[in-house]
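# A look at the structure
The chain contents come next:
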Amino acid sequence: MQLIQADEWCPTAATNGRNFYYNTKFVEKLSVKKLEFLFGHEICHCVFDHFGRVGSRDRQLSNIAQDYAVNQILVDERIGEKITEVKICYDAKYRGMAWEEIYDLLYEKAEKISMPDLLKQLGDLLDEHINEDGSGPGKEGDKDGKGKGAPGMTKEEAQAIRDEIKEAMVQSAAAAGAGKVPAGIQRLIKDMTEPKISWRDLVRQEIQSIIRNDYSFTRPNRKSMHSGAILPGMKEATTIDIACSIDMSGSIGEADATVFLSEVK
């Protein structure tokens with residue numbers, strides 16, 4: 001990532017996957033070890049593709065959950081020294097959890113005490129989270145509408161960055177060797193490198209009716225063969241009844257539900 005000074009809109013640091021934006025006064029307060037922690041924090045956001053995985057979840061709560069997951073990995077792996085200049089989102093009880101799991105737990109709390117009250121209780125974001133279209137810090141309130149924040153990207157540009165990061169991550173993990181890659185990143189690499197069968201193909205292979213309701217000579221009835229008569233056997237029904245239930249818990253929004261229903265159809 002290219003280093004870009006962003007004092008006008010960035011109070012700490014930020015990344016869009018391509019650039020590392022920083023505030024001069026903030027980074028000058030940090031020791032070398034704390035700078036390592038900061039760089040690791042931004043790199044983890046890129047590695048886990050936090051820009052493209054929010055979906056219809058609450059963005060601010062997603063950002064907090066992502067910070068909890070990232071900071072825990074950095075502490076566990078002894079990457080630099082934990083930053084204390086701001087009250088970062090860190091709690092050992094989230095160790096080993098994906099950010100989506102952390103989000104669900106935080107969302108349950110928000111339903112009980114309200115989202116604004118929960119956000120006040122949680123730690124501060126270590127960095128500014130930028131959306132793929134460039135919206136986020138530095139964009140609000142600009143008279144010309146252009147903003148001073150990070151530039152937006154097309155879907156093609158964002159996907160190209162993702163592909164570069166994935167390739168670099170796999171190569172780095174191989175170079176590091178077994179046992180030296182954080183568990184969360186190991187799971188991510190496994191998902192990328194081990195081929196998966198399409199769920200549609202799996203459904204076609206595994207699901208069939210167990211009810212035989214029609215006759216066919218494709219498979220003759222063996223019981224009648226000893227008599228010299230060839231009688232048709234029975235074949236399975238060509239339709240099947242399926243019951244489908246959809247998880248509509250707090251983390252599932254209208255956009256996700258629409259995707260679910262589209263896949264079902």
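Residues numbered from 1 in each chain as written. Predicted model: local features only at pLDDT ≥ 70, side-chain atom pairs only at ≥ 80, totals over all residues. Heavy atoms only, no water.

As a further point, take the pattern of salt bridges. For the structure shown, the criterion picks out six salt bridges. Here arginine 18 ties to glutamate 164 by a salt bridge, and the two come within 3.3 Å at their closest N and O atoms. With arginine 18 in the loop between strand 2 (13-15) and strand 3 (19-22) and glutamate 164 in helix 6 (residues 155-176), this residue pair connects regions lying 146 residues apart in the sequence. We classify glutamate 164 as partly exposed; its relative accessible area is 42%. Note that lysine 34 and glutamate 85 form a salt bridge whose closest N and O atoms lie 3.2 Å from each other. In this pair, lysine 34 is assigned in helix 2 (residues 32-47) and glutamate 85 in the loop between helix 3 (59-76) and helix 4 (99-113), connecting sequence segments 51 residues apart. A relative accessible area of 35% means that glutamate 85 is categorised as partly exposed. (Salt bridge = Lys/Arg side-chain N within 4 Å of Asp/Glu carboxyl O. Helix = DSSP H or I, 4+ residues; strand = E, 2+ residues; numbered from the N terminus. Buried < 20%, exposed > 50% of the residue type's maximum accessible area, 1.4 Å probe, protein only.)

Of all hydrophobic cores here, the largest spans 27 residues; its most connected members are Leu38, Val47, Phe48, Leu126 and Ile185. Residue assignment for this core shows that the elements contributing at least two residues are helix 1 (24-29), helix 2, helix 3, helix 6 and helix 7 (183-193). The leading source of residues in this core is helix 2, at five residues. Dropping the residues within four chain positions of it, leucine 126 is found in contact with Thr12, Ala13, Phe26, Phe37, Leu38, His41, Asp67, Asn71, Ile83, Val86 and Ile88. Judged by nonpolar contacts, the second largest core, of 14 residues, contains Leu61, Ala65, Trp99 and Tyr103. (Core = buried A, V, L, I, M, F, W, Y, C linked by side-chain atoms within 4.5 Å. Contact = heavy atoms within 4.5 Å.)

Turning our attention to the pairing of strand 3. In this sheet, strand 3 lies alongside strand 1 (residues 2-5) in parallel orientation, the contact comprising four bridges. When the sheet's bridge partners are listed, isoleucine 4 is paired in strand 3 with tyrosine 21. Here strand 2 hands over to strand 3 after three residues, with glycine 17 in that stretch at a positive phi of 95°. (Pairing = 2+ DSSP bridges.)

Detailed conclusions should not be drawn from predicted coordinates in areas where pLDDT is low. Summing up the model confidence of the protein chain, the mean pLDDT is 81 and the portion of residues at 70 or higher is 89%. Within the protein chain, the lowest mean pLDDT, 70, falls on helix 5 (residues 115-121), and the highest, 94, falls on helix 1. Contacts of residues 138-146 to residues separated by more than four positions or lying in other chains number eleven contacts, the stretch itself having pLDDT below 50. (pLDDT = per-residue confidence, 0-100.)

Quick look at the side chain of aspartate 49 now. The topology assignment puts aspartate 49 in the loop between helix 2 and helix 3. Within the structure, aspartate 49 has its side chain in polar contact with the side chain of arginine 162 (distance 2.8 Å). (Polar contact = N/O pair within 3.5 Å; in protein donor to acceptor, adjacent residues only side chain to side chain.)

Following the sequence through the fold, aspartate 256 ends up in helix 9 (residues 254-264). Buried charge without a partner: aspartate 256 forms no salt bridge, and the closest opposite charge is arginine 57, 5.7 Å away. A polar atom in the side chain of aspartate 256 sits 2.6 Å from the side chain of serine 56. (Lys, Arg positive; Asp, Glu negative; His and termini not counted.)

For residues other than glycine, phi is negative in most cases, and the peptide bonds are mostly trans. A positive phi angle is found at aspartate 49, which is not glycine, with a value near 50°. A residue is classified by how much of its surface remains accessible, and aspartate 49, at 17% relative accessible area, is buried. We note that arginine 78 has phi near 55°; this positive angle belongs to a residue other than glycine. By secondary structure assignment, the location of arginine 78 is in the loop between helix 3 and helix 4. Residue classification places arginine 78 among the exposed positions, given a relative accessible area of 72%.

Further remarks concern the packing of aromatic side chains. For the structure shown, the criterion picks out five aromatic pairs. Ring geometry for tryptophan 99 versus tyrosine 103: centroids 6.4 Å apart, planes at 85°, classification edge-to-face. With a gap of four residues between them, tryptophan 99 and tyrosine 103 both fall in helix 4, about one helical turn apart. These aromatic residues form a ring-pair network of at least three members: Trp99, Tyr103 and Tyr107. A cation over an aromatic ring shows up here: arginine 57 above the ring of tyrosine 103, its NZ or CZ 5.8 Å from the ring centre. (Phe/Tyr/Trp six-rings, centres within 6.5 Å; stacked < 30°, edge-to-face > 60°. Lys NZ or Arg CZ within 6 Å of the ring centre and 35° of its normal.)

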